[in-house]
Amino acid sequence: ACDDRLARLDARIAADPDDRAAQRERAQLLRLIGRTDDAARLLDALIAEDPEDGDALFERGCIEQRAGDLRRAQRWFERAVNAGARGGARLHLAEVLYQRGQNEQALDTLDRLLVHTPDEAEAHLLRGFVLGEMGRHEAAMIAARRAAALNPALQTLQGDLTIDGPATVAGPGNAASDVGAVMAASSDSGLARYGLGLAFRQRGYFREARAEFERALSSGEDARLVQHALAELDLLDGASASARARYE
């Protein structure tokens, strides 16, 4: 699906090898289609030429975050923010800080972001996760409701990080229309832990997702659904033997 776009970018770069915008766009596309090694090499070359290229620094951090190296991702995002990167550099930095358990720093980063972009729904949503992790449940609910008000695709989060709202069921002919939307399950449903695990997984919080799926198994939720979800996490972690065992 990306071949035509990649070919157009290659043509732009061939016509003008100094077109840094095209090279950054090409690196982003390579990252999105899974050619992360090629993307990293291209970004490293751009950064070597201009160490203050905030957009290239941000893309480099996205590669490390997706690979699971949160420490390296944090350093790249910090450099991107300091270089004045546009887009979600500060949001991604807050996300990595949260994933590393540095909740105070994550909250401070989000608060600084919201000073400049007070209507950024994703920032309010992440702020709800951080506040919930810190035990500030009432503030977490307020943040989550603000996120849902700004973007109705985001379901309301309660302070204990339980998803509240109608369940989203993905399947043939019923795929979620917004890949960024959080999947939900009501707290009294038979798949509450499974639904919460899906919500965490869609946000990229794989450690938290695995914990919820394990709790779902121990609480007697549908083992077929839960084992399938765990197998997918195994694949993301590179544990192919474990994934195969679950599928079998």
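Residues numbered from 1 in each chain as written. Predicted model: local features only at pLDDT ≥ 70, side-chain atom pairs only at ≥ 80, totals over all residues. Heavy atoms only, no water.

Chemist: Tell me about the overall build of the protein chain, and please be specific about residues and values.
Modeler: Assigned secondary structure in the protein chain consists of 13 helices and zero strands. The helix and strand sequence of the protein chain, counted from the amino end, reads α-α-α-α-α-α-α-α-α-α-α-α-α. The 248 residues of the protein chain split such that 42% are buried. Sequence separation of at least 24 residues holds for 40% of the intrachain contacts in the protein chain that already meet a minimum separation of 6. For the protein chain, the exposed surface amounts to about 12,800 Å²; the carbon and sulfur share of it is 49%. (Helix = DSSP H or I, 4+ residues; strand = E, 2+ residues; numbered from the N terminus. Buried < 20%, exposed > 50% of the residue type's maximum accessible area, 1.4 Å probe, protein only. Contact = heavy atoms within 4.5 Å. Areas by Shrake-Rupley, 256 points an atom, 1.4 Å probe, with all protein chains shown as cover.)

Chemist: Explain the environment of L42 to me, using residue names and the numbers behind them.
Modeler: Here L42 is to be found in helix α3 (residues 36-49). Taking the relative accessible area as the measure of exposure, L42 reaches 15% and is therefore buried. In this structure, the C-alpha to C-alpha distance between L42 and R24, residues 18 residues apart in sequence, is 8.1 Å. Discounting chain neighbours no more than four positions away, the residues touching L42 are Q23, R26 and A27.

Chemist: Can you explain the packing of helix α8 (residues 121-133) against helix α9 (residues 137-150)? Please cite residues and give values.
Modeler: The N-to-C vectors of α8 and α9 enclose an angle of 160 degrees; their axes lie 8 Å apart at closest approach. The angle between the axes of α8 and α9 places the two elements in the roughly antiparallel class. Of the two elements, α8 crosses α9, and the hand of that crossing is left-handed. Touching A121, H124, L125, R127, G128, L131 and G132 of α8 are H137, A139, A140, A143, A144, R146, A147 and L150, all from α9. (Axes fitted to C-alpha atoms, helices over the stretch in contact; angles between N-to-C directions. Parallel < 35°, antiparallel > 145°, perpendicular 65-115°, else oblique. Left-handed = near helix turned anticlockwise from the far one by under 90°.)

Chemist: Give a detailed account of the nonpolar core, specifying residues and quantitative values.
Modeler: Ranked by size, the top nonpolar core spans 57 residues in total, and within it Y98, L126 and F213 carry the most contacts. Considering each element in turn, this core owes the most residues, seven residues, to helix α6 (residues 89-99). (Core = buried A, V, L, I, M, F, W, Y, C linked by side-chain atoms within 4.5 Å.)

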